[in-house]
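Descriptive analysis of the structure
Residue-level listing of the chains:
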Amino acid sequence: MKFSICLLALLYWSESIVVAQEFGNQPASQANVLDTVEIDLGDRSIFYNRIEQPILKPQKVEAETPQPPPVVQLTAEEEAELRRHESLRFESLFLSVTAYPGKGSVVQWWNENGQQSALSSIDFNHLQHISDFEWNGVYYSTLFFVDSWSPYFTEDDGTNPTTEPIPPFPQTENGSSTFIAVVISEMTQPSAQEVASLEALHAFYDANRIKLIKQSQEMEAARLGQEQWLEANPPIPKDTFVNYFLIKKPSSATSMEPAPLE
């Protein structure tokens, strides 16, 4: 691929300008191919076909009359739900998470004081598929970056398990989810709003635990099934064809001539 980029760069800095016309898996018509360069990548090739400059006919563009937006008739239930949704307070919850399957998660986020952390009893593998939730009159828009921890997720060749201890995740006597903030200094003290957001998330998880776990298990099973199918049916490598033509580049000397003195 580096060679192909260099090829186009050399063509550009010559006396012509490269105009890429087509880029895809179909070769150009042999009738207008002037030159071809093949880049062999082993299981597939990239073909750069220099073609004749096409004669482009001007296209007549007709002004479109703007159409009024369609009128949507809502049912009484839909109108009530719309009004209820508009009455909610909106919050955002963006978290970076290392999930320890079946044990808990290390949760991190950032505010004006820098990075903040908390230890949660929730396995966030069960929450990474949600994009929003509601709790106590607040609508939360969520974005969770979840990395599932493994004892073999190390910096070596992955054959030696790590000796790093698992964090002491908090637990409750009744089995409900909970979290504790990791406070090192005043700069790592989460705000009251951040604490409230995490409390809402944990309460939402407890209220929907069975459904959330089932959804995450179904998604994981679908992912593994897709991986197995692709392993049994690997995609066939296809050649790539880049069809281009050259046009004369304007002379830079004329554009840089000084203006005549009056």
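For clarity, every value in this text was computed on a predicted model and none was experimentally measured.

1. Structural notes on the environment of Glu-112
In this fold, Glu-112 is placed in the loop between strand E5 (104–111) and strand E6 (114–120). By relative accessible area, Glu-112 is classed as exposed at 72%. Each C-alpha atom, one on Glu-112 and one on Met-187, is 9.2 Å from the other, the two residues being 75 residues apart in sequence.

2. Things to note about the layout of surface pockets
Within this model, the largest pocket holds a volume of roughly 280 Å³. Around the largest pocket sit Asn-125, His-126, Gln-128, His-129, Ser-216, Gln-217, Met-219, Glu-220 and Arg-223, which together line it. A breakdown of the residues in the lining of the largest pocket according to their chemical character gives one nonpolar, six polar and two charged. By volume, the second largest pocket amounts to about 230 Å³.

3. Focus on the packing of helix H3 (residues 192–207) against helix H4 (residues 209–232)
In the contact formed by H3 and H4, the axes pass within 5 Å of each other and the chain directions differ by 85°. For the element pair H3 / H4, the angle class is roughly perpendicular. Of the residues in H4, those touching H3 at Phe-204, Tyr-205, Asp-206 and Ala-207 are Arg-209, Leu-212 and Ile-213. In the contact of H3 with H4, the residues fall into five nonpolar, no polar and two charged.

What counts as what
Residues numbered from 1 in each chain as written. Predicted model: local features only at pLDDT ≥ 70, side-chain atom pairs only at ≥ 80, totals over all residues. Heavy atoms only, no water. Helix = DSSP H or I, 4+ residues; strand = E, 2+ residues; numbered from the N terminus. Buried < 20%, exposed > 50% of the residue type's maximum accessible area, 1.4 Å probe, protein only. 1 Å grid on protein atoms, 1.4 Å probe; cavity = no way out; pocket = protein on both sides within 12 Å on 5 of 7 lines; lining within 4 Å. Points joined across faces, edges and corners; volume = space filled by probe spheres on them. Nonpolar A, V, L, I, M, F, W, Y, C, P; charged D, E, K, R; others polar. Axes fitted to C-alpha atoms, helices over the stretch in contact; angles between N-to-C directions. Parallel < 35°, antiparallel > 145°, perpendicular 65-115°, else oblique. Contact = heavy atoms within 4.5 Å.

Function cannot be inferred from these measures alone, as they are strictly geometric.
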